[in-house]
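What follows is the residue order along each chain.
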Amino acid sequence: SQQGEEDPQALSIQEGENATMNCSYKTSINNLQWYRQNSGRGLVHLILIRSNEREKHSGRLRVTLDTSKKSSSLLITASRAADTASYFCATSHNTDKLIFGTGTRLQVFP
Amino acid sequence: SQTIHQWPATLVQPVGSPLSLECTVEGTSNPNLYWYRQAAGRGLQLLFYSVGIGQISSEVPQNLSASRPQDRQFILSSKKLLLSDSGFYLCAWAPGTVQETQYFGPGTRLLVL
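Residues numbered from 1 in each chain as written. Chains lettered and ligands numbered in written order. Predicted model: local features only at pLDDT ≥ 70, side-chain atom pairs only at ≥ 80, totals over all residues. Heavy atoms only, no water.

(A) Quick look at the pattern of salt bridges. On inspection of all chains with the given rule, the structure shows seven salt bridges over all chains. A salt bridge links A:Arg62 to A:Glu55; its shortest N-O distance comes to 3.2 Å. Here A:Arg62 falls in the partly exposed class, since its relative accessible area comes to 30%. In this structure, the salt-bridge partner of B:Glu59 is A:Lys97, at a minimum N-O distance of 2.7 Å. Here B:Glu59 is found in the loop between β6 (55-58) and β7 (65-70), whereas its partner A:Lys97 is found in the loop between β9 (85-92) and β10 (98-100) on a different chain. One salt-bridge network, held together by shared partners, links A:Arg36, A:Arg60 and A:Asp83. (Salt bridge = Lys/Arg side-chain N within 4 Å of Asp/Glu carboxyl O. Buried < 20%, exposed > 50% of the residue type's maximum accessible area, 1.4 Å probe, protein only. Helix = DSSP H or I, 4+ residues; strand = E, 2+ residues; numbered from the N terminus.)

Rendered as structure tokens:
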């Protein structure tokens, strides 16, 4: 299966702490994207990093990409209770579709 | 701006009954369209995608079919539902054929009893 793997599967932290999620994939990519899903809702795009980029920031989000290790990480700084959601990575492989990872469930306690 | 609609939001159907889920996109033309299924607490499984009217690619052999009768309409169907068809169905669109961001609808929760 090409599906990416995310780690950890679940993460619980206190408000104000940082949350780090990792994503590994198997074949070379055009880009890697992170999405967020609130319970029972659709996915929302957070950030896209291209294969020739190593780091990208958007607000409290920081994404890194290591193509030699075929891995990416998503860091959420100063987390809030409203960040509670599932987070998915998705990779683009020169086709018309994305390959989604298995997701990390983040719980932020107030 | 672009918007994507899915209906119904929730559906409870008996085993053996037919299914039709609809997805429409507004504010764009020639989108790529996608149907995903998500089991509870799990990742997304791509079911079908379409790069144009009447063009459907099936990812997983199953009890479902898809059609794209109009540029911005994508329909997921079944003639006879199985218990295993229960899940959360998500429609998404993306611009063009180069894989950039996908934009998701609100989803349909299907329970087959």
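(B) Structural context of the environment of A:Tyr87. All names here are of chain A. Structurally, Tyr87 is set in strand β9. In this structure Tyr87 comes out as buried when scored by relative accessible area, which is 2%. C-alpha separation for the pair Tyr87 and Met21, spaced 66 residues apart in sequence, amounts to 8.2 Å. In terms of polar contacts, Tyr87 uses its side chain to reach the backbone carbonyl oxygen of Asp83, at 2.6 Å. (Polar contact = N/O pair within 3.5 Å; in protein donor to acceptor, adjacent residues only side chain to side chain.)

(C) The arrangement of the side chain of B:Gln13 in detail. Residues and elements named next belong to chain B. Residue position: Gln13 is located in strand β2 (residues 10-13). Among the residues examined, Gln13 registers a relative accessible area of 19% and is labelled buried. Within polar-contact distance, the side chain of Gln13 engages the backbone oxygen of Pro18 at 3.0 Å. Aside from chain neighbours lying at most four places away, what touches Gln13 is Pro18, Leu81, Leu110, Leu111, Val112 and Leu113. (Contact = heavy atoms within 4.5 Å.)

(D) Inspection of unusual backbone geometry at higher detail. In the segment running from A:Asp7 into A:Pro8, the intervening peptide bond is cis, with an omega of 0 degrees. Along the chain, A:Pro8 falls in the loop between β1 (5-7) and β2 (10-14). Cis rather than trans, the peptide bond between B:Trp7 and B:Pro8 has omega equal to 0 degrees. Checked against the element boundaries, B:Pro8 lands in the loop between β1 (3-7) and β2. One non-glycine residue, A:Lys70, lies in positive phi territory at about 50 degrees. Take A:Lys70: it is sitting in the loop between β7 (61-66) and β8 (71-76). Judged by relative accessible area, A:Lys70 falls into the partly exposed class, the value being 28%. The phi torsion at A:Ala78 lies on the positive side, around 45 degrees, for a residue other than glycine.

Remember, this is a structural readout, not a statement about activity or role.
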